[in-house]
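As a plain string of letters, each chain reads:
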Amino acid sequence: MADYRIAAIGGDGIGPEVVRAGIEVLRAAEQREGGFSLTFETFPWGSDYYFEHSRMMPDDGLETLKPFDAIYFGAVGDMRLPDDVTLWGLRLKICQGFDQYANVRPARVLKGVTSPLRNPGNLDWVIVRENSEGEYSGAGGRVHRGLPEEVAVDASVFTRTGCERIQRFAFELARKRPRKKLTLVTKSNAQRHGMVMWDEIFAALKGDYPDVETDKVLVDAATVRMTLHPDSLDVIVASNLHADILSDLAAALSGSIGVAPTANLNPEGRFPSMFEPIHGSAPDIVGKNVANPIGTFWTAAFMLESLGEAKAGARIMRAVERVTSAGSPLTPDLGGNATTDDVTRAVCEAIAGENE
Ligand code: ATP
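Residues numbered from 1 in each chain as written. Predicted model: local features only at pLDDT ≥ 70, side-chain atom pairs only at ≥ 80, totals over all residues. Heavy atoms only, no water.

(A) Main features of the sheet that holds strand E9 (residues 213-218). An order of E2-E1-E3-E12-E11-E4-E5-E10-E8-E9 is seen for the 10 strands of this open sheet, with the pairing classed as mixed. Looking at the sheet topology across the chains shown, the edges are occupied by strand E2 (36-43) and E9. Averaged over all pairs of adjacent strands, the angle between strand axes in this sheet comes to 25°, irrespective of strand direction. Bridge count between strand E5 (residues 124-130) and strand E10 (residues 235-238): four bridges; the pairing is parallel. Bridge pairing in E10 places arginine 129 opposite alanine 238. Along the sheet face, helix H1 (residues 15-33) touches strand E1 (2-11), E2 and strand E3 (70-75) and points at about 165° away from the line of E2. (Pairing = 2+ DSSP bridges. Helix = DSSP H or I, 4+ residues; strand = E, 2+ residues; numbered from the N terminus. Axes fitted to C-alpha atoms, helices over the stretch in contact; angles between N-to-C directions. Contact = heavy atoms within 4.5 Å.)

(B) Expanded view of the packing of helix H10 (residues 310-326) against helix H11 (residues 340-352). Interhelical geometry of H10 versus H11 gives an angle of 125° and a closest axis separation of 8 Å. Between H10 and H11, the angle falls in the class oblique. For the element pair H10 and H11, the recorded crossing hand is right-handed. Residue-level contacts link Arg315, Ile316, Ala319, Val320, Arg322 and Val323 of H10 to Ala346, Val347, Ala350 and Ile351 of H11. The residue makeup of the contact of H10 with H11, split by class, is eight nonpolar, no polar and two charged. (Parallel < 35°, antiparallel > 145°, perpendicular 65-115°, else oblique. Left-handed = near helix turned anticlockwise from the far one by under 90°. Nonpolar A, V, L, I, M, F, W, Y, C, P; charged D, E, K, R; others polar.)

(C) Region of interest: the packing of helix H9 (residues 294-306) against H10. Two elements in contact, H9 and H10, have axes whose closest approach is 6 Å; the angle formed by their N-to-C orientations is 160°. Classified by the angle between their axes, H9 and H10 sit roughly antiparallel to one another. The interaxial crossing formed by H9 with H10 has left-handed handedness. Contacts between H9 and H10 involve Ile294, Phe297, Trp298, Ala300, Ala301, Leu304 and Glu305 from the first element and Ala310, Ala312, Gly313, Ile316, Met317, Val320 and Thr324 from the second.

(D) Main features of the side chain of arginine 129. Positionally, arginine 129 belongs in strand E5. According to the relative accessible area criterion, arginine 129 is buried, its value standing at 6%. A distance of 2.9 Å separates a polar atom in the side chain of arginine 129 from a polar atom in the side chain of asparagine 240. Other than its neighbours up to four places away in sequence, arginine 129 contacts Tyr101, Ala102, Asn103, Arg105, Tyr136, Ile166, Ala238, Ser239, Asn240, Ala243 and Asp244. (Buried < 20%, exposed > 50% of the residue type's maximum accessible area, 1.4 Å probe, protein only. Polar contact = N/O pair within 3.5 Å; in protein donor to acceptor, adjacent residues only side chain to side chain.)

(E) Representation of the pairing of E10 within the structure. Residue alternation in E10 divides its side chains into two sets, Val235 and Val237 and Ile236 and Ala238, and both sets are buried. For strand E8 (residues 181-186) and E10, the ladder comprises three bridges, and the chain directions are parallel. Pairing of threonine 183 across the sheet is with isoleucine 236, part of E10.

(F) Molecular detail of the nonpolar core. Of all hydrophobic cores here, the largest spans 69 residues; its most connected members are Ile6, Leu26, Leu182, Val237, Phe297, Ile316 and Val347. With eight residues, the top contributor of residues to this core is H9. Look past the residues within four positions of valine 237 in its chain and what remains in contact with it is Val128, Ile166, Gln167, Ala170, Leu182, Thr183, Leu184, Val185, Trp198 and Phe202. (Core = buried A, V, L, I, M, F, W, Y, C linked by side-chain atoms within 4.5 Å.)

(G) Representation of unusual backbone geometry within the structure. In this chain, serine 328 is followed by proline 329 through a cis amide linkage whose omega measures -5°. With respect to the element layout, proline 329 can be found in the loop between H10 and H11. Of note, serine 54 is a non-glycine position whose phi angle comes to about 60°, a positive value. Position of serine 54 among the secondary structure elements: in the loop between helix H2 (47-53) and helix H3 (61-65). Of note in this structure, asparagine 289 is not a glycine but carries a positive phi near 60°. Inspection of the secondary structure puts asparagine 289 in the loop between strand E12 (273-277) and H9. In this structure asparagine 289 comes out as partly exposed when scored by relative accessible area, which is 25%.

Given below as C-alpha cells:
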C-alpha cells in the first residue's frame, strides 16, 4: 500500500487555519477511499518563526523537505515584515530551490457558487504560469537611492530552456483535457525581445502537438476575453507576471478567491511539488474562524491527483460540490454565515457518507 509523506507548512495569517482543516479532509478521504495512507509532518515555519530565529525557515529547510512526496502549504505574508523577506524567505525559496517551474491554476465555477459574470458559460480553465524566471527573476538593482537621479531596474529574464519547458508542459496538459485547446498569452507588441521569443517558441512547438488546437492573444485582450467570452478559453500559458495577474482575475470570476487552488510543480519529480490555495494570508480575517477552507480542500484534491490518487481527489471535489450546491454551510465570502469549522465538518461528513 502506498504511503505518501506530506510536509505541511501552514505559514502565516489564515494559512495554519486552512491547512489544519485541509488535513482533516485529507484524513477523511484516506479513510473512505482506502488503498493508500498519508503521513503528515507539520513545520512551524513563517513569520512567527522569523521573529524567533531571524529566518523564515531553517538554513537546511530544503534538505529537510526533499524526501517528502509533496508539500501542503498555507500562505505567507505578515504586515510586520516586508514582502521580500517573507516571500523570498519561504515560498519562493522552496519554489526556486526545488525547480518548481510549472505553476498550475485551475479555475471553474463550483456547483452552487455564483460567478460575478452574467454569462460564465462553461468557465473551466487551467492557467499555466512560468514559475522560475521572467519578470520575477529577481535580476536588477537600484542606484542613487533616495536622490532625484535614482534609477531602479527590474530585468525580465527569459531563457529558451525556460520558455520551451513550460510551453511543452502546457501542450501536454491541454492534450489530456477534453477540449484540447491551448492559448498563448504574451505582450509581444510592446515587449519586443523576450515575449517575441515566447511567440517563436510556441510557433515551433505547435507542430509536435497536432491534436491540440492553439491560438494566441495579447495579455490586455486576454482580460477582455476572460470576461466576455469565457467559453473561448481552455488551457492558457503565460509568463510569471502575466499569468499571476490573470489567475487572480480567473479566481475572482469563478466566485471567490477563497476557493481556488494552485500547484507549484517540478514535473520531472526530481523534487517534491508544492500545493497551496491561491489566496494569501488574509490578515483582515485571521483567527476569526471565517476563512473559506474550500481553496485548501481543492488544493488537497489536486495534490492527491498528482500523487496518483485521482479517485480520492475526485471524491473530495464531489463532497465539496455537494456542500456548495446545497448552499450551506458556506463562509461569508460565499454569502453564508458559517465558520471554517462548519464547512470542514460538512465536507468530511459528505466524504464519509458517500455511498459508492
Ligand atoms: P497577502 O499579502 O498574504 O497576499 P492579501 O490580504 O494581500 O494578503 P489575500 O490574503 O489573498 O491578499 O486577501 C485578499 C482578500 O480576500 C482579503 O480581503 C481577504 O480577507 C480575502 N480572502 C482571502 N482568502 C480568503 C479565504 N480563504 N476566505 C475568505 N476570504 C479570503
